[in-house]
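What follows is each chain in one-letter form.
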Amino acid sequence: MPEGWKAYLIDLDGTLYHGPQMIPGADELISTLRAKRIPFLFVTNNSSRTPEEVAVHLETMGISARAEEVCTSAVAAARYIAEDQPGCKVAAIGEAGLIKALNEAGLQLVQEQPDVVVQGIDRQFTYDTLTRAARWIRGGARYVLTNPDLLLPSQEGLMPGAGTLSAAIQAASGVKPKVIGKPAAPLMDFAIARLGLAASEVAVIGDNLHTDIAAGVNAGCGTILALTGVTTVDNLPEYVKSSGVEANVVCRDLKEVRERICGTNQ
């Protein structure tokens, strides 16, 4: 591309797929990046799945993926905590993806007196969970949030996300969390470091101005908006106004994304 970007951080839900359904052109975009030896990583706010599970999900839809190419908010949160407080005691409010990431980062998972409370999506969240989290945080534990998404798509419709659970914890504890996932920069910084490039050499590809594109802007990356999910041709002006950000490049579909990155003859 004329912008000189050397690598790409690619969002998943809404950009490459909708639930179990691949978005047209996703497989060709990834296969062309591989053929052209253009570096990329998959970057997701989803903290419930492990990188291995994310890769399998992509593969089942026909999108070539490897676990080492996946950056989740859970892995980024675990690394953030481990670098800041190696081996500390952590209370986890979340699912398998978060638990595995914390274990692999060498952190101590505890049920009482944690140094850090880390929270992601937790579909078994209860009033007792809320009570314990609020008490720990009010007692001095740091509060780390994997991602601030208020709602998540499902086959049955929208469901509360990690950000909605966090709203209750914040109300009860009076403490705002350190946010790792998009639109905050830490997840992007983690992925950029994996690529070994400067932020200005990397572009974010996503469908959501409020999360993906804002995260790219916050991290100092280039941005490519695909009108394949949250943001559409019809609502683009409204989303630009409400998000306060604009993408460097706007593409109507993934075919256009591929053409802009890899050339028109691919």
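My aim in this report is to walk through the structure given alongside it, one point at a time. If you're wondering where the values come from, they're calculated on a predicted model, not measured in any experiment. (Residues numbered from 1 in each chain as written. Predicted model: local features only at pLDDT ≥ 70, side-chain atom pairs only at ≥ 80, totals over all residues. Heavy atoms only, no water.)

## Looking at the sheet that holds strand E6 (residues 89-93)
(1) Moving on: Pairing is parallel in the open sheet, where five strands are placed in the order E7-E6-E8-E9-E12. Of all strands in the sheet, those bounded by a partner on one side alone are strand E7 (108-109) and strand E12 (178-179).
(2) Moving on: Alignment of strand E9 (residues 142-145) against E12, held across two bridges, turns out to be parallel. By the bridge assignment, Leu145 is partnered in E12 with Val179. (Pairing = 2+ DSSP bridges. Helix = DSSP H or I, 4+ residues; strand = E, 2+ residues; numbered from the N terminus.)

## Considerations on the layout of surface pockets
(1) Moving on: Counted as a void, the largest pocket has a volume near 1100 Å³.
(2) Moving on: In terms of lining, the largest pocket is formed by 36 residues, of which the most central are Asp13, Asp149, Leu151, Leu152 and Pro153.
(3) Moving on: Every element with two or more residues in the lining of the largest pocket is listed here: strand E2 (17-18), helix H2 (51-60), strand E10 (151-152) and helix H8 (209-219).
(4) Moving on: In this structure, the second largest pocket occupies an estimated 210 Å³ of space.
(5) Moving on: Taken together, 14 residues form the lining of the second largest pocket, with Ala91, Ala92, Ile93, Gln111 and Arg132 sitting closest to its centre.
(6) Moving on: Put simply, the parts of the chain that give the lining of the second largest pocket at least two residues each are E6 and helix H5 (127-138).
(7) Moving on: Residue composition of the lining of the second largest pocket, grouped by class: nine nonpolar, three polar and two charged. (1 Å grid on protein atoms, 1.4 Å probe; cavity = no way out; pocket = protein on both sides within 12 Å on 5 of 7 lines; lining within 4 Å. Points joined across faces, edges and corners; volume = space filled by probe spheres on them. Nonpolar A, V, L, I, M, F, W, Y, C, P; charged D, E, K, R; others polar.)

## Comments concerning the pairing of strand E14 (residues 222-226)
Successive residues of a regular strand alternate their side chains across the two faces of the sheet.
(1) Moving on: Counting buried positions over the five residues of E14 gives five, a clear majority of the element.
(2) Moving on: In terms of strand pairing, strand E13 (residues 202-206) meets E14 through four bridges, oriented parallel. The residue of E14 that forms the bridge with Ala203 is Gly222.
(3) Moving on: Following the backbone out of E13, through H8 and into the adjacent parallel E14, one traces a crossover that is right-handed.
(4) Moving on: Once you follow E14 into helix H9 (residues 236-243) and on to strand E15 (residues 249-251), the crossover reads as right-handed. (Buried < 20%, exposed > 50% of the residue type's maximum accessible area, 1.4 Å probe, protein only. Right-handed = clockwise from strand over helix to strand, strands pointing away.)

## Regarding empty space enclosed by the protein
(1) Moving on: Enumeration over the complete set of coordinates arrives at one cavity of 30 Å³ or more.
(2) Moving on: If you trace the largest cavity, you find it lined by Val75, Ala78, Arg79, Ala101, Glu104 and Ala105.
(3) Moving on: Among the elements of the structure, helix H3 (73-84) and helix H4 (96-104) are those that each provide at least two residues to the lining of the largest cavity.
(4) Moving on: Looking at side-chain class alone, the lining of the largest cavity contains four nonpolar, no polar and two charged residues.

## Topic: the pairing of strand E4 (residues 40-44)
(1) Moving on: Extensive coverage of E4 is indicated by the burial of five of its five residues.
(2) Moving on: In E4, alternate side chains face the same way, and those of Phe40, Phe42 and Thr44 on one face and Leu41 and Val43 on the other are all buried.
(3) Moving on: The pairing of E4 with strand E5 (residues 70-72) spans three bridges and is parallel. Paired with Phe42 across the strands is Val70, a residue of E5.

Distances and angles like these do not, on their own, reveal function.
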